[in-house]
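# Coordinates in review
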Amino acid sequence: MRFIARHRKFFNVTIAIVCILLFSFFAIRTITSGGHEVRTQVYTGIAMGTAIKKTIYAEDITVSDRVDKMIDETLQELENQISVRKNNSEISKLNSSYVTGGTNKLSDNVLQCLEVEIQVWRETEGAFSPCIYPITSLWGIEEGLAEIPDEALLQERILSSDANNIEVVEDGIILNQENMAIDLGAVGKGLACDMVKEQLMQTEIRGAVVSIGGSILAYGDKGDGKDWHIGIQDPRNQTGEVLGIIDVDGDVVVSTSGDYEKYFELDGKRYHHIFDPITGYPADNGLISVSVVSDSGLLSDALSTACFVLGLEEGMNYVQEKGVEAVFVTSDMNVYVTKGLKKKFRLKSDEYTLVK
Amino acid sequence: MLEDKLRLKKGDYVVIIFVVIIIVVLLCMNLNRKQGNYVHITVDGMTKTYSLSENEVVLFVNDKQVFDASHTGITNTIVIENGQVYMKNANCPDQVCVKHKSISKHGEMIICLPNKVFVEIEGNIANEIDN
Ligand SMILES: [Zn+2]
């Protein structure tokens with residue numbers, strides 16, 4: 001005690017300094033972690049023929065692991081149901097065994113998908129088709145074919161890709177033409193995002209970003225109250241650079257369609273995998289990429305494809321009609337965004353010009 | 001006499017500075033804990049993790065010593081250099097992974113879809129993009 005008394009001032013000073021240091025240390029920790037210890041877990045894989053990336057924000061890593069597995073199972077199930085590349089899928093069975101004029105029963109989610117697709121087909125006057133598979137498979141670009149198909153054969157396929165021949169009835173559809181083939185490829189990834197979102201809502205995780213090919217679901221929040229920053233792929237730079245960033249709050253899907261994913265070049269012209277159902281050729285309306293932001297993944301996926309075929313002017317009118325936001329990139333390297341995105345889109349590449 | 005006792009002496013200052021230095025060092029160590037930078041490489045469903053600080057580590061993914069993926073017939077050469085990772089070459093048809101820029105920030109990835117090879121950064125350099 002005599003020692004402490006003698007060195008009283010020394011002890012006071014030391015304790016004060018220790019307290020200040022400890023306080024600032026914990027203050028910094030609390031601020032940087034947003035008050036909670038939220039862990040980010042990233043999972044990667046392949047499903048539905050595309051790359052999957054899930055970033056899951058949860059307070060417990062075992063929860064993230066469980067959610068990751070759950071999502072994988074859902075995607076696998078959906079792929080087994082709608083893939084045109086799996087002989088046993090519901091869609092493949094429909095395509096290979098339907099009888100013209102007969103009723104084909106379909107699952108609820110497939111039917112709901114088709115109804116949205118048929119609506120988009122009608123509203124775009126045929127710029128989008130839910131049964132474009134006869135054209136897609138003839139070109140075979142995704143399978144690596146690199147030539148222009150025979151014109152007579154293509155004309156036949158165009159007839160088979162006309163959605164006028166689809167009739168929706170209670171719990172199923174009727175196909176009124178031979179050699180038709182339904183393909184949910186243009187909406188499958190968006191639909192998958194919707195299903196994942198439903199599933200995430202049943203869990204205790206606070207936020208997640210799930211990329212399924214060109215469709216990205218932003219769910220919940222990161223724990224810091226800030227927007228999600230969704231990077232849009234630069235359509236002319238394949239090095240992983242982004243064209244720009246869209247800031248979105250939780251629970252939206254951003255889907256992008258572009259001419260850069262699968263294509264071949266012939267005589268200096270690019271032949272890509274997004275077809276105009278009316279011409280039977282890859283869409284050629286001056287766009288190289290369209291991104292659509294919507295609460296519905298299904299709609300964002302369908303509209304990004306439809307707008308890519310429609311072109312800038314008609315596409316812009318259409319998304320405004322539908323009340324969704326979009327980013328259009330033209331082949332002359334101009335970027336156009338809808339009104340609602342003016343403050344939320346940041347151009348990152350200086351190869352492009354943002355048109356105000 | 002009492003004032004004399006309360007005045008700090010030279011020895012006191014030395015001890016105070018010493019204590020402060022020790023605390024600062026301990027706190028810094030604590031802050032830096034678990035903040036290493038890693039690259040996770042997944043081939044054929046197997047994941048291995050390497051430190052980003054190991055310079056010029058070249059991985060032949062189909063080399064048995066690194067990954068026993070020889071039966072898959074894939075070749076992807078992944079280079080870790082100065083905290084950056086890139087795909088030097090690959091025997092995939094699209095070569096998308098080889099064209100990809102070097103990655104170094106948390107969450108950045110290079111994917112070789114045909115060969116099913118994933119290269120992913122886990123680190124403390126924040127990425128501006130969430131997807
Ligand atoms: Zn590759």
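Residues numbered from 1 in each chain as written. Chains lettered and ligands numbered in written order. Predicted model: local features only at pLDDT ≥ 70, side-chain atom pairs only at ≥ 80, totals over all residues. Heavy atoms only, no water.

Quick look at the overall build of chain B now. Along its length, chain B carries 3 helices and 7 strands. Each helix (α) and strand (β) of chain B, taken in turn from the N terminus, gives the series α-α-β-β-β-β-β-α-β-β. Summarising the internal contacts of chain B: among those between residues at least 6 apart in sequence, 33% fall at separations of at least 24. Of the accessible surface of chain B, which amounts to about 7,800 Å², a share of 57% is contributed by carbon and sulfur atoms. (Helix = DSSP H or I, 4+ residues; strand = E, 2+ residues; numbered from the N terminus. Contact = heavy atoms within 4.5 Å. Areas by Shrake-Rupley, 256 points an atom, 1.4 Å probe, with all protein chains shown as cover.)

Residues and elements named next belong to chain A. With antiparallel pairing, 3 strands are arranged side by side in an open sheet as E3-E5-E4. Lying at the two open borders of the sheet, with one neighbouring strand each, are strand E3 (103–105) and strand E4 (166–169). On average, adjacent strands in this sheet sit at an angle of 30 degrees to one another, irrespective of strand direction. With 4 bridges joining them, E4 and strand E5 (residues 172–175) adopt antiparallel strand pairing. Bridging from a neighbouring strand, Val168 pairs with Ile173 of E5. Here helix H5 (residues 108–123) sits on the sheet and contacts E4 and E5; the angle it forms with E4, its principal contact strand, is near 130 degrees. (Pairing = 2+ DSSP bridges. Axes fitted to C-alpha atoms, helices over the stretch in contact; angles between N-to-C directions.)

Residue and element names in this part refer to chain B. Protein-derived ligands of the zinc ion are Cys92 (SG), Cys97 (SG) and Cys112 (SG), with the metal-ligand distances lying across 2.2 to 2.3 Å. Written as a sequence motif, the donor arrangement for the zinc ion is C-x4-C-x14-C. Of this pair, Cys97 sits in helix H3 (residues 96–99) while Cys112 sits in strand E6 (residues 109–112), and the two are 15 residues apart along the sequence. Using a relative accessible area of 1% as the deciding quantity, one classes Cys97 as buried. On the accessibility criterion, Cys112 (1% relative accessible area) is buried. (Donors = N, O, S within 2.8 Å, 3.2 Å for Na, K, Ca; no water. Buried < 20%, exposed > 50% of the residue type's maximum accessible area, 1.4 Å probe, protein only.)

Another aspect to go through is the packing of aromatic side chains. Residue and element names in this part refer to chain A. Tallied over the full model, the rule gives 5 aromatic pairs over all chains. Each ring, one from Tyr57 and one from Trp228, has its centre 5.3 Å from the other, and the planes form 70 degrees; the classification is edge-to-face. Here Trp228 lies in strand E8 (residues 228–233) and Tyr57 lies in strand E2 (residues 50–58), a separation of 171 residues in the sequence. Pairing Phe264 with Tyr271 gives two aromatic rings, centres 5.1 Å apart and planes at 15 degrees, and the pair type is stacked. Owing to a relative accessible area of 8%, Phe264 belongs among the buried residues under this scheme. Residue Tyr271 is classed as buried on the basis of its relative accessible area, which comes to 9%. In this structure an aromatic cluster arises from ring pairing among Trp139, Phe264, Tyr271, Phe275 and Tyr281. The ring of Tyr263 carries the charged tip of Arg270 above its face, separated from the ring centre by 3.9 Å. (Phe/Tyr/Trp six-rings, centres within 6.5 Å; stacked < 30°, edge-to-face > 60°. Lys NZ or Arg CZ within 6 Å of the ring centre and 35° of its normal.)

Where charged atoms from two side chains of opposite charge come close, those side chains can pair. Residue and element names in this part refer to chain A. Enumeration according to the criterion identifies 20 salt bridges over all chains in this entry. Among the salt bridges present, the one from Arg206 reaches Glu59, with a minimum N-O distance of 3.8 Å. In this pair, Arg206 is assigned in the loop between helix H8 (185–200) and strand E6 (207–212) and Glu59 in the loop between E2 and helix H3 (61–82), connecting sequence segments 147 residues apart. Among the salt bridges present, the one from Asp171 reaches Lys105, with a minimum N-O distance of 3.9 Å. Of this pair, Asp171 sits in the loop between E4 and E5 while Lys105 sits in strand E3, and the two are 66 residues apart along the sequence. A relative accessible area of 67% places Lys105 in the exposed class. (Salt bridge = Lys/Arg side-chain N within 4 Å of Asp/Glu carboxyl O.)

Residue and element names in this part refer to chain B. Reading across from one edge, E2-E1-E7-E6 is the order of the 4 strands in this open sheet, with antiparallel pairing throughout. What marks the edges here is a single partner per strand, and that holds for strand E2 (46–51) and E6. The average undirected angle you get between the axes of adjacent strands in this sheet is 15 degrees.

The subject of this paragraph is the side chain of His40 of chain B. Structurally, the position occupied by His40 of chain B is in strand E1 (residues 38–43). Side-chain polar atoms of His40 of chain B contact the side chain of Thr49 of chain B, separated by 2.7 Å. (Polar contact = N/O pair within 3.5 Å; in protein donor to acceptor, adjacent residues only side chain to side chain.)

What follows covers the confidence of the model for chain A. Mean pLDDT over chain A: 90, with 90% of residues reaching 70 or higher. Within the model, pLDDT remains below 50 along residues 30–36 of chain A, and this stretch shows 4 contacts once partners closer than five positions in the same chain are excluded. (pLDDT = per-residue confidence, 0-100.)

On to the packing of helix H9 (residues 297–310) of chain A against helix H10 (residues 312–322) of chain A, then. Residue and element names in this part refer to chain A. Where H9 meets H10, the axes come as close as 7 Å, and the angle between the chain directions of the two elements is 155 degrees. Judged on the interaxial angle alone, H10 and H9 are roughly antiparallel. The way H9 lies across H10 gives a crossing that is right-handed. Contacts from Leu299, Leu303, Cys307 and Leu310 in H9 reach Leu312, Glu314, Gly315, Tyr318, Val319 and Lys322 in H10. (Parallel < 35°, antiparallel > 145°, perpendicular 65-115°, else oblique. Left-handed = near helix turned anticlockwise from the far one by under 90°.)

What follows deals with a nonpolar patch on the surface. Nonpolar side chains collect at one region of the surface, where Tyr13, Ile17, Ile21 and Val25 of chain B lie side by side and expose about 390 Å² of accessible area between them. With respect to the helices and strands, Ile17 of chain B occurs in helix H2 (residues 10–32). (Patch = residues over 30% accessible without salt bridge, like charges linked within 9 Å, V, L, I, M, F, W, Y side chains within 5 Å.)

Bringing unusual backbone geometry into the picture now. Residue and element names in this part refer to chain A. Positive phi values are uncommon outside glycine, yet Glu125 reaches one of about 50 degrees. Relative to the helices and strands, Glu125 is located in the loop between H5 and helix H6 (133–139). Judged by its relative accessible area of 70%, Glu125 is exposed. With phi around 65 degrees, Met333 is a residue other than glycine that occupies positive phi space. Of the residues examined, Met333 reaches a relative accessible area of 22% and is grouped as partly exposed.

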